[in-house]
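Residues per chain, in single letters:
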Amino acid sequence: LNLADQLKYELKHGIPHDHLKGKTLGMIFRKASTRTRVSFETGMYQLGGNPLYLSASDMQIGRGEPIQDTARVLSRYIDGIMIRTFDQAEVENLAEYGNIPIINGLTDLSHPCQVLADLMTIREYKGKLDGLKMCYIGDGNNMANSLIVGAISMGMECAIACPKDYQPDAQIMAWAKENGTFTCSEDILACAKDADVVYTDVWASMGQEEEKAEREKIFKNYQINDEVMAAAKPDAMVLHCLPAHREEEITAKVFEAHANEIFDEAENRLHAQKAVLVKLLG
């Protein structure tokens, strides 16, 4: 996070930081993307490196080549891989069989790059992370899993409000209870009480389109609205990893009132990921 702050400052002040000159990042996409692709691609350019977009449908892995073979081949060509995919095992197999850094750009289990940007944004607005309360409302998905790890690791209290059949990963919740202050409940207002940060994500993530109608019924009360914000601290900030479905997981009124925070968060994907790239490829 400190390096991300530094790189953001340098970019804003026109200070060159071509730490990755001559380096190439392969970017494998099994899931479509706006923020992940543009931020990683732009970040590599700004760091003096070369981003290489690799659509899974255009690669041999799209025709059945084992991921471990792809890992061993790409390790001989490029300096690192960022992959955005469905299965967490695919990222771990790349890491096991490749000998270059592997960056998780998103899986169905976790979204760590997003959470780095989230933590960066919270610290910019609040001046600290330790001791703050994070409340997440919605599906216990990859976003919830990574927020739990990020918040607890930074000394934040973490409260997850979600339906009982849609809770975050059990192992992650067990880890959180052992390592910090963590709750998971269907009581939305109790979770939001005195929160410094209120966070949400879409009710149906990519790959869950067939469940959309059912999820809309189940999650209809899991929304950031005026009632939720009244339970949080008066100066609570609102974050959303985007894209946002207004009047579903968040009202248009609350979204627009906190738009600056949400789009600063989106911008910080660029700076946080550049820090990851410099740490791993530099």
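About the thresholds
Residues numbered from 1 in each chain as written. Predicted model: local features only at pLDDT ≥ 70, side-chain atom pairs only at ≥ 80, totals over all residues. Heavy atoms only, no water. Helix = DSSP H or I, 4+ residues; strand = E, 2+ residues; numbered from the N terminus. Rg over C-alpha atoms; globule rule 2.2 N^0.38 Å. Contact = heavy atoms within 4.5 Å. Lys, Arg positive; Asp, Glu negative; His and termini not counted. Charge placed at Lys NZ, Arg CZ, Asp CG, Glu CD. Buried < 20%, exposed > 50% of the residue type's maximum accessible area, 1.4 Å probe, protein only. Pairing = 2+ DSSP bridges. Salt bridge = Lys/Arg side-chain N within 4 Å of Asp/Glu carboxyl O. Disulfide = S-S within 2.5 Å. Axes fitted to C-alpha atoms, helices over the stretch in contact; angles between N-to-C directions. Parallel < 35°, antiparallel > 145°, perpendicular 65-115°, else oblique. Left-handed = near helix turned anticlockwise from the far one by under 90°.

Trainee: It is not clear to me how the overall build of the protein should be interpreted in this structure. Could you clarify?
Mentor: Of the regular secondary structure elements, the protein holds 12 helices and 9 strands. Relative to the 2.2 N^0.38 estimate, which gives 19 Å for 282 residues, the radius of gyration of the protein is 19 Å and therefore close to what a compact globule would have. C-alpha extents for the protein along the principal axes are approximately 55 × 45 × 35 Å. For the protein, long-range pairs separated by at least 24 residues make up 73% of all intrachain contacts whose partners lie at least 6 apart in sequence. Counting 29 positive and 42 negative side-chain charges, the protein places the averaged centre of each group 3 Å from the other.

Trainee: Would you take a moment to explain the pairing of strand β8 (residues 197-200) for this structure?
Mentor: Side chains on a regular strand alternate between the two faces of the sheet. Side chains Val197 and Tyr199 project from β8 onto one buried face, and the interleaved Val198 and Thr200 project onto a second face that is buried too. Across 4 bridges, the pairing between strand β5 (residues 133-137) and β8 is parallel. From the neighbouring strand, Met134 faces β8, where its bridge partner is Val197. Note: β8 against strand β9 (residues 237-240), 4 bridges, orientation parallel.

Trainee: Explain the pattern of salt bridges here, please?
Mentor: Side chains that carry opposite charge are capable of pairing whenever their charged atoms lie near each other. Throughout the structure, instances matching the rule amount to 17 salt bridges. Two residues, Glu248 and Lys212, come together in a salt bridge whose shortest N-O distance is 3.5 Å. Taken as a pair, Glu248 in the loop between β9 and α11 (252-257) and Lys212 in helix α9 (residues 212-218) lie far apart in primary sequence, 36 residues in all. Accessibility expressed as a relative area gives 32% for Lys212, which makes it partly exposed. Among the ionic contacts, a cluster of salt bridges with common partners joins Asp139, Glu211 and Arg215.

Trainee: How should I be thinking about the state of the cysteines in this particular structure?
Mentor: What is meant by a disulfide is a covalent connection between two cysteines, made through their sulfur atoms. Per the stated rule, a full pass over the model turns up 0 disulfides. With no disulfide of its own, Cys158 lies 8.4 Å from the sulfur of Cys135, the closest cysteine sulfur. We classify Cys158 as buried; its relative accessible area is 1%. Sulfur of Cys184: no disulfide; nearest cysteine sulfur belongs to Cys162 and is 3.7 Å away. On the basis of relative accessible area, Cys184 is assigned to the partly exposed category, the value being 23%.

Trainee: I would appreciate a short explanation of the packing of helix α2 (residues 35-46) against helix α12 (residues 259-281) in the present structure.
Mentor: When two helices pack together, their arrangement is given by the angle between the helix axes and the distance between those axes. Remark: α2 packs on α12, axes separated minimally by 9 Å, with the N-to-C direction vectors making an angle of 50 degrees. Considering the angle they form, α2 stands oblique to α12. Crossing handedness for the pair α2 and α12: right-handed. Between α2 and α12, the residues in contact are Arg35, Thr36, Ser39, Phe40, Thr42, Gly43, Met44 and Gln46 and Ala266, Arg269, Leu270, Gln273, Lys274 and Leu277, respectively.

Trainee: I'm lost on the sheet that holds strand β4 (residues 102-106) in this one. Help?
Mentor: Strand pairing in a sheet relies on backbone hydrogen bonds, with the paired strands running either antiparallel or parallel. If you walk across this open sheet you meet the 4 strands as β2-β1-β3-β4, and the pairing is parallel. A strand with exactly one partner marks an edge of an open sheet, and here the two such strands are β2 (50-55) and β4. When strand polarity is set aside, the average angle formed by the axes of neighbouring strands in this sheet is 20 degrees. Across the sheet, α12 is in contact with β1 (24-29), β3 (80-84) and β4; its angle to β4 comes to roughly 160 degrees.

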